[in-house]
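Below, each chain spelled out in residue letters.
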Amino acid sequence: QVQLVESGGGLVQPGGSLRLSCAASGSIFSIYAMGWYRQDPGNQRELVAAITSGGNIKYADSVKGRFTISRENAKNTVYLQMNSLRPEDTAVYYCNAEIRRSPWSKAYDYWGQGTQVTVSS
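This report concerns the structure included in the present document. Model, not experiment: these values are computed from the prediction.

On to the overall build of the chain, then. When helices and strands are tallied, the chain shows 0 helices and 11 strands. Compactness check: the chain gives a C-alpha radius of gyration of 14 Å against a globular reference of 14 Å for 121 residues, within 12% of the reference. Along the longest, intermediate and shortest principal axes, the C-alpha atoms of the chain span 50 × 25 × 25 Å. When each of the 121 residues of the chain is scored for burial, the buried share is 39%. Pairs at least 24 residues apart make up 55% of the contacts formed inside the chain by residues separated by at least 6 positions. Element-wise, carbon and sulfur atoms account for 47% of the exposed surface of the chain, whose accessible area totals about 6500 Å². A distance of 7 Å separates the average location of the 12 positive side-chain charges in the chain from that of its 9 negative side-chain charges.

This part is about the sheet that holds strand E8 (residues 77-82). Sheet strands line up and pair through hydrogen bonds in the backbone, either parallel or antiparallel. Here we have 4 strands laid out as an open sheet, ordered E1-E3-E8-E7, and antiparallel in their pairing. A strand with exactly one partner marks an edge of an open sheet, and here the two such strands are strand E1 (2-7) and strand E7 (67-72). When strand polarity is set aside, the average angle formed by the axes of neighbouring strands in this sheet is 15°. By the bridge criterion, 6 bridges tie E7 to E8 in an arrangement that is antiparallel. By the bridge assignment for E8, Glu72 is matched with Thr77.

What follows is about unusual backbone geometry. Negative phi values dominate among residues other than glycine, just as trans dominates among peptide bonds. One non-glycine residue with positive phi stands out, namely Asn76, at about 50°. Mapping Asn76 onto the fold places it in the loop between E7 and E8.

This structure, assessed with the given rule, holds 5 salt bridges. Of the charged contacts, one joins Glu46 and Arg38 as a salt bridge, the two residues approaching to 2.7 Å between their closest N and O atoms. The exposure class of Glu46 is partly exposed, given its relative accessible area of 36%. When its relative accessible area of 6% is taken as the criterion, Arg38 is described as buried. Put simply, Glu72 and Lys75 hold a salt bridge, and the shortest N to O gap is 3.8 Å. With a relative accessible area of 31%, Glu72 lands in the partly exposed category. The class for Lys75 is exposed, based on a relative accessible area of 52%. Taken together, the salt bridges that share partners define one network made up of Arg38, Glu46, Arg66 and Asp89.

Quick look at the packing of aromatic side chains now. The relation between two aromatic rings is expressed through the spacing of the ring centres and the mutual angle of the planes. Following the criterion strictly, the structure yields 1 aromatic pair and no others. Against the face of Tyr79 rests Arg19, its NZ or CZ located 4.1 Å from the ring centre. If you follow Arg45 out to its NZ or CZ, it ends over the ring of Tyr94, 3.7 Å from the centre.

Here is what the cut-offs are and how they apply
Residues numbered from 1 in each chain as written. Predicted model: local features only at pLDDT ≥ 70, side-chain atom pairs only at ≥ 80, totals over all residues. Heavy atoms only, no water. Helix = DSSP H or I, 4+ residues; strand = E, 2+ residues; numbered from the N terminus. Rg over C-alpha atoms; globule rule 2.2 N^0.38 Å. Buried < 20%, exposed > 50% of the residue type's maximum accessible area, 1.4 Å probe, protein only. Contact = heavy atoms within 4.5 Å. Areas by Shrake-Rupley, 256 points an atom, 1.4 Å probe, with all protein chains shown as cover. Lys, Arg positive; Asp, Glu negative; His and termini not counted. Charge placed at Lys NZ, Arg CZ, Asp CG, Glu CD. Pairing = 2+ DSSP bridges. Axes fitted to C-alpha atoms, helices over the stretch in contact; angles between N-to-C directions. Salt bridge = Lys/Arg side-chain N within 4 Å of Asp/Glu carboxyl O. Phe/Tyr/Trp six-rings, centres within 6.5 Å; stacked < 30°, edge-to-face > 60°. Lys NZ or Arg CZ within 6 Å of the ring centre and 35° of its normal.

No statement about biological role is implied by the geometric values presented.
Written out as structure tokens, the structure is:
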């Protein structure tokens, strides 16, 4: 079993900050990429930011310069620091990880349960 547990969502005013955390646990051999996606009603889930085990990072254009993704490999944990939040950042944020459960298995995508981020005055 593998679990991804997210925390850190909530309500914040425009211009404010939030920090999301996601910890992976269970039967894990290795984790390649970890990242954050978001989805609001009526729209498809979109990539926000992702980071590989080697530290390669990509961001959605809409969050560049405002969000920072980081990772603690020893703790199987990924973070998303979100600054200068805007109402259009409102969504459910999902953690994603590409995990191998043994040296002989291929990697599969796992998802967290989602955490709500609401940016509103």
